[in-house]
Number of protein chains: 2
Amino acid sequence: MKETDYKTYIDEDELPQAYYNVRADMITAAGGHDHAPILHPGTLQAVSVADMEPIFCTELAKQELNTKDRFIDIPGELIDFYRMYRPSPLVRARFLERLLKTPARIYYKYEGNNTSGSHKLNSAIAQGYYAKEQGLRGLTTETGAGQWGTAMAMAAAYFELELEVFMVKVSYEQKPHRKTIMQTFGASVVPSPSNTTEVGRKMLDEFPDSSGSLGTAISEAVERALSTEGYRYVLGSVLNQVLLHQSIIGLETKIAMEKIDEYPDIVIGCAGGGSNLGGLMAPFIEDRLAGRQSPYFIAVESASCPSLTRGRFAYDFCDTGQVTPLAKMYTLGSGFIPSANHAGGLRYHGMSPILSQLYHDGFLDEARAVDQISVFDAALQFARTEGTLPAPESSHAIRVAIDEAIKCRESGEEKVILFGCTGNGYFDLTAFEQYLNGTMTDSIPTDEDLARGFASIPSLEGIQ
Amino acid sequence: MKETDYKTYIDEDELPQAYYNVRADMITAAGGHDHAPILHPGTLQAVSVADMEPIFCTELAKQELNTKDRFIDIPGELIDFYRMYRPSPLVRARFLERLLKTPARIYYKYEGNNTSGSHKLNSAIAQGYYAKEQGLRGLTTETGAGQWGTAMAMAAAYFELELEVFMVKVSYEQKPHRKTIMQTFGASVVPSPSNTTEVGRKMLDEFPDSSGSLGTAISEAVERALSTEGYRYVLGSVLNQVLLHQSIIGLETKIAMEKIDEYPDIVIGCAGGGSNLGGLMAPFIEDRLAGRQSPYFIAVESASCPSLTRGRFAYDFCDTGQVTPLAKMYTLGSGFIPSANHAGGLRYHGMSPILSQLYHDGFLDEARAVDQISVFDAALQFARTEGTLPAPESSHAIRVAIDEAIKCRESGEEKVILFGCTGNGYFDLTAFEQYLNGTMTDSIPTDEDLARGFASIPSLEGIQ
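Residues numbered from 1 in each chain as written. Chains lettered and ligands numbered in written order. Predicted model: local features only at pLDDT ≥ 70, side-chain atom pairs only at ≥ 80, totals over all residues. Heavy atoms only, no water.

Colleague: What should I look at first to understand the packing of aromatic side chains in this one?
Modeller: The relative placement of two aromatic rings is captured by the distance of their centres and the angle of their planes. Inspection of the entire model under this criterion finds 42 aromatic pairs over all chains. Ring centres of A:Y158 and A:F159 lie 5.0 Å apart, and the angle between their planes is 80°; on these two criteria the pair is classed as edge-to-face. Assessed through its relative accessible area of 19%, A:Y158 is described here as buried. Ring centres of B:Y129 and B:Y130 lie 5.1 Å apart, and the angle between their planes is 80°; this geometry places the pair in the edge-to-face category. Through a chain of ring-to-ring contacts, the aromatic side chains of A:Y6, A:F95, B:F81, B:Y82, B:Y85, B:Y129, B:Y130, B:Y158 and B:F159 assemble into a single cluster. In this structure, A:R312 is placed above the aromatic ring of A:F454, and the distance from its NZ or CZ to the ring centre is 4.0 Å. One cation-aromatic arrangement involves B:R94 over B:Y6; the distance from NZ or CZ to the ring centre is 5.7 Å. (Phe/Tyr/Trp six-rings, centres within 6.5 Å; stacked < 30°, edge-to-face > 60°. Buried < 20%, exposed > 50% of the residue type's maximum accessible area, 1.4 Å probe, protein only. Lys NZ or Arg CZ within 6 Å of the ring centre and 35° of its normal.)

Colleague: Quick question: what am I supposed to make of empty space enclosed by the protein here?
Modeller: Think of a ball as big as a water molecule: rolled over the atoms, this probe shows where empty space is left. Scanning all chains against the criterion turns up ten cavities of 30 Å³ or more. Roughly 540 Å³ of volume is contained in the largest cavity. If you go around the largest cavity, you meet 40 residues; those closest to its centre are A:G112, A:N113, A:N114, B:Y110 and B:N113. Broken down by secondary-structure element, the contributors of at least two residues to the lining of the largest cavity are α4 (76-85) and β5 (105-110) of chain A together with α4 (76-85) and β5 (105-110) of chain B. Residues of the lining of the largest cavity, tallied by class, amount to 21 nonpolar, 15 polar and four charged. (1 Å grid on protein atoms, 1.4 Å probe; cavity = no way out; pocket = protein on both sides within 12 Å on 5 of 7 lines; lining within 4 Å. Points joined across faces, edges and corners; volume = space filled by probe spheres on them. Helix = DSSP H or I, 4+ residues; strand = E, 2+ residues; numbered from the N terminus. Nonpolar A, V, L, I, M, F, W, Y, C, P; charged D, E, K, R; others polar.)

Colleague: Just to check I follow, could you spell out the sheet that holds strand β1 (residues 7-8) of chain B for this structure?
Modeller: Across a sheet, paired strands are connected by hydrogen bonds in the backbone, their directions being either parallel or antiparallel. Residues and elements named next belong to chain B. Taken in spatial order, the seven strands of this open sheet run β1-β4-β5-β15-β10-β11-β14, and their pairing is mixed. Single-partner strands in this sheet number two, and they are β1 and β14 (366-370). Judged from the five bridges that link them, strand β10 (residues 266-270) and strand β11 (residues 296-302) form a sheet pairing that is parallel. Looking at the pairing, C270 lines up with V300 of β11. Of the strands in this sheet, β1, β4 (90-92), β5 and β15 (416-421) are in contact with helix α12 (residues 240-259), which crosses β5 at around 140°. Helix α13 (residues 275-289) rests against β5, β10, β11 and β15 of the sheet, and its axis sits at about 155° to β10. (Pairing = 2+ DSSP bridges. Contact = heavy atoms within 4.5 Å. Axes fitted to C-alpha atoms, helices over the stretch in contact; angles between N-to-C directions.)

Colleague: Please clarify how the relation of the copies chain A and chain B should be interpreted in this entry.
Modeller: Two copies of one chain are present, and they are related through a rotation about an axis combined with an axial shift. Superposing chain A onto chain B takes a rotation of 180° plus a shift of 0.0 Å along the axis, which leaves an RMSD of 0.0 Å. Look at the turn and shift together and you get a two-fold axis relating the two. Closest approach to the rotation axis among the C-alpha atoms of chain A is made by A:N113, whose C-alpha sits 2.9 Å away. A shared binding surface is used by both copies, with 100% of the interface residues of chain A retained as interface residues in chain B. (Least-squares fit on C-alpha atoms with pLDDT ≥ 70 in both.)

Colleague: Help me understand the packing of helix α16 (residues 372-386) of chain A against helix α17 (residues 392-411) of chain A, please; the structure alone is not making it clear to me.
Modeller: The relative placement of two packed helices is expressed as an angle between their axes plus a distance between the axes. Residues and elements named next belong to chain A. With their axes 8 Å apart at the nearest point, α16 and α17 run at an angle of 85° to one another. By the angle between their axes, α16 is roughly perpendicular relative to α17. In this structure, α16 contributes S374, V375, F376, D377, A378, A379, Q381 and F382 to the contact, and α17 contributes P392, S395, H396, I398, R399 and I402. In terms of residue class, the contact of α16 with α17 is made up of eight nonpolar, four polar and two charged. (Parallel < 35°, antiparallel > 145°, perpendicular 65-115°, else oblique.)

Colleague: I tried to follow helix α13 (residues 275-289) of chain A on my own but got confused; where do I start?
Modeller: Residues that lie three or four places apart on an α-helix share one face, since the helix turns once every 3.6 residues. All names here are of chain A. Helix geometry: α13 is bent most strongly at A282, by close to 60°, with proline P283 lying one to four residues after it. Within α13, 15 of the 15 residues are buried, leaving the element largely enclosed by the surrounding structure. Positive phi shows up at G291, right after α13, with a value of about 80°. (Bend = angle between axes of the 7 residues up to and from the residue.)

Colleague: For this particular structure, what's the right way to read the interface of chain A and chain B?
Modeller: When the parts of a complex come together, some accessible area is lost, and that lost area is often used as the size of the interface. On the chain B side, the residues contacting the 50 residues of chain A number 50 residues. Approximately 4,300 Å² of surface area, both sides summed, lies buried where chain A meets chain B, with 55% of it carried by carbon and sulfur atoms. Note that A:D80 and B:R98 form a salt bridge whose closest N and O atoms lie 3.4 Å from each other. One can count 24 residue pairs in polar contact (both at pLDDT 80 or more) joining chain A with chain B. Elements that contribute at least two residues to the side of chain A that touches chain B include exactly α4, α5 (94-100), α7 (147-158), α9 (176-184), α16 and α18 (429-436) of chain A. The element that contributes the greatest number of residues to the side of chain A that touches chain B is α9(A), accounting for six residues. (Buried area = accessible area lost by both parts, 1.4 Å probe. Salt bridge = Lys/Arg side-chain N within 4 Å of Asp/Glu carboxyl O. Polar contact = N/O pair within 3.5 Å; in protein donor to acceptor, adjacent residues only side chain to side chain.)

Colleague: Even after reading the chapter, I still don't get the side chain of A:Q241, so can you show me in this structure?
Modeller: Residue and element names in this part refer to chain A. Inspection of the secondary structure puts Q241 in helix α12 (residues 240-259). By relative accessible area, Q241 is classed as buried at 0%. Polar contacts involving the side chain of Q241 include one to the side chain of E64, which spans 2.9 Å. What Q241 contacts, discounting residues up to four positions off in sequence, is F56, L60, Q63, E64 and Q127.

Colleague: What's the story with the pattern of salt bridges in this structure? I'm lost.
Modeller: A pair can form between side chains of opposite charge whenever their charged atoms are brought close. Scanning all chains against the criterion turns up 52 salt bridges over all chains. A salt bridge links B:K179 to A:E433, with the shortest nitrogen-to-oxygen separation between them at 3.8 Å. Here A:E433 lies in helix α18 and B:K179 lies in helix α9 (residues 176-184), a pairing that spans two chains. Here B:K179 falls in the buried class, since its relative accessible area comes to 13%. Classification of A:E433 by relative accessible area gives partly exposed; the value is 26%. Residues B:R310 and B:D447 are paired through a salt bridge, measuring 3.0 Å at the closest nitrogen-oxygen approach. Taken together, the residues span a long stretch of sequence, with B:R310 in helix α14 (residues 307-310) and B:D447 in helix α19 (residues 447-454) at a distance of 137 residues. Residue B:R310 is classed as partly exposed on the basis of its relative accessible area, which comes to 29%. What makes B:D447 exposed here is its relative accessible area of 54%. In the salt-bridge network here, residues are joined through shared partners; they are A:D5, A:K7, B:E12 and B:R83.

Colleague: I keep staring at the environment of A:C408 and nothing clicks. Help me out?
Modeller: All names here are of chain A. Summarising the element assignment, C408 is placed in helix α17. For C408, a relative accessible area of 2% gives the class buried. The sequence separation of C408 and R83 amounts to 325 residues, and the corresponding C-alpha distance is 37 Å. If near-sequence neighbours (up to four positions away) are discounted, C408 is found in contact with T102, P103, A104, E413 and K415.

Colleague: Whenever I open this one, the sheet that holds strand β9 (residues 231-233) of chain B confuses me. Can you help?
Modeller: All names here are of chain B. Taken together, the four strands give an open sheet; going across it, the order is β8-β7-β6-β9, and neighbouring strands pair in parallel fashion. Single-partner strands in this sheet number two, and they are β8 (188-192) and β9. Taken over all neighbouring pairs, the strand axes of this sheet differ in orientation by 25° on average, direction set aside. Relative to β8, strand β7 (residues 162-168) runs parallel, the two being bridged by five bridges. Bridge pairing in β8 links V168 to S192. Helix α7 (residues 147-158) rests against β6 (138-143) and β7 of the sheet, and its axis sits at about 165° to β6. Strands in contact with helix α11 (residues 214-226) are β6, β7, β8 and β9; relative to β6, the strand with the most contacts, it is inclined by about 170°.

What follows is the structure, given as structure tokens:
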């Protein structure tokens, strides 16, 4: 990298040819001991590929349970698609550094330069590929803010698969353009809870004015996949397979940093379900698990949905309807509902089992919860200096990157700070408007709010 | 470029260090004869820098009238900003080629990967720079669909200038997010016609329900700049200075194509005011004017605002209020109002004087008007195969690129087709929704519509 360069692109033929499967190394680091497996909700036994096949594409079910292979080859047709929008740029935030007068060198991996607007496309296209390979007719999924649904719609269009998206109702109503962009790519979009599924009807009977939740939308999408011939269900975060696919973010980043002879001292990522941070940190946590030099890892979550910082490490359902398998993770309980005035995504009650285990074992060093107003402060500062309007989710990482850079100014340390800028904020302008006109408030759950959520965590005698 | 590559990026230190000023070569090609100069609306004499200084930044007025210097250096601070988001990628549309089964090689220069969402930022940041250099306090401008206003808001934020944007009222109301993104970058946004200017009040008196027009918004912005201490007016298209700045698009493209040993047979750009096509074709029209091998140039305009294909080559005002200087250009008359059901930008009554002269003289080979439904057909085809949601404006060029590629399939010719993909369509989803739900119609003006517009073209005895 020349002294004046801002962006580092690796060449297209340097793109990673295999995903990194961190679970294999986690087991090695734990002395061969497998971590808490995913449990079948009926039998409470570890699920098998056969158990998962009715819901998930077979190859994806295998990836979900794969604890042996450190690397899994990326099929050529998938690499071909990645070449359409990858490599994503690794950007040196020189303008931000100048503004902050920090001796730190700040880098961010920017995943917002594709039409889905975020990193979600990395896993969406992989899941679409395996569905097509299996000869499926269609897929169902859920979406909250809409990033994942848009990414999945692009993937389904590319592989000519049908797609039904259950979109959390509050987002469906507040973000009509998200619906339109999914429809532009041929997807069918249903507001959730809907009267098209049993779970949805039950929810509407109980709470007719429900504005929906990700957990409910997941339940609806799973039900629809199970009841539709030639369909399977796909999910955009939390799962092991998703972190596997997202490892492409970190693998690319590491290659780019090697080109410019840098290695991060701190790696920062926002964490809702955990797929972005899990992906960004992948090759660096590989270093950590192998006992080599490695960065200090910080997961940044929303103070309104603080699964790592205030949640419990326990087996819990992945959805509100409690139809999915149980995963051991940091969770607020599938019944936890974040405040409605929370704007910035990251509203999932649980956290990736991989990140949860890494955090529990001290490999993921720190979780930090930040308030949304301070997040939008950071977003504006970043937009006006770096010229990129970040997604609110990404802005959680920006907040902490700025805080760490300011610490460096005070200490004089020339740390290398790397963060994930997961997407752009084009579809979040309603939230920016609330911030600008002063109607945004913080939305931190009380201990009572948390207790209500914890009450929904199942008590599994002898397992928890 | 390797056989499998999709994108060609030049290095940051290969970025052009000077803008190309086509007017110098146009005069040489015409045997030293200057083309129709811009006229002062009062005296009907060629304007001087002194005439323009009350409205425009001095350096920009000089650029506007510069017919001597073939290249104008780009200041270092500007190049520094360009490095933030440039070079933009030159993309080989391999997926589209496969879909069309064409032997043609299709390339597009994609300008949508910056927060303003389009090529407009290239000139906005230049105009902001010269305003800052001159020690100005603030700027005024107008915006239609909002791309230019967003770009100018980013530029003003970067140089810490005040900015007042007069936004065509229909867009202000239909695109609230465009307003918010401009405000996010600190701009003040006023719906036009407004009661804050004389021109606006006059328009509102006459047409209280006016939904506004670009011409009126220009008049308001000019009036405000003239009446505010330390302010000047900036414009995002049409002007010579804007085409000068936009030459960076073509200059980058030519460097990238040389890297992969290609040279276009056809260059296609959408043309509203003409800044994008003028910029993209710059180094190739340089070849044409010098008598070297050069591409076939196609300007694509909207059939609803067909200034090149159905307009007159005449002196006309640049604005509806008729306060601006007169330029000789292809025009439908400053009183022409495109149909309200026209969705896709490109609604300006005139055309860049440079492009107009080049077209008149046969250097710009062809102008083609396309209907909006066929434009959105092309947009969807492009989005679903190439994975990028294009702006409706850009989709005009995509339409013709696809048509030309299909001709190649029929003729078997392996032509190299280059088009400008000027921006993304994130803020145009209302139009995509109309297209998808079948409520979009074409909107071609009748001869009577045109006659009403032509009646507003001033009759300048002895000059026209």
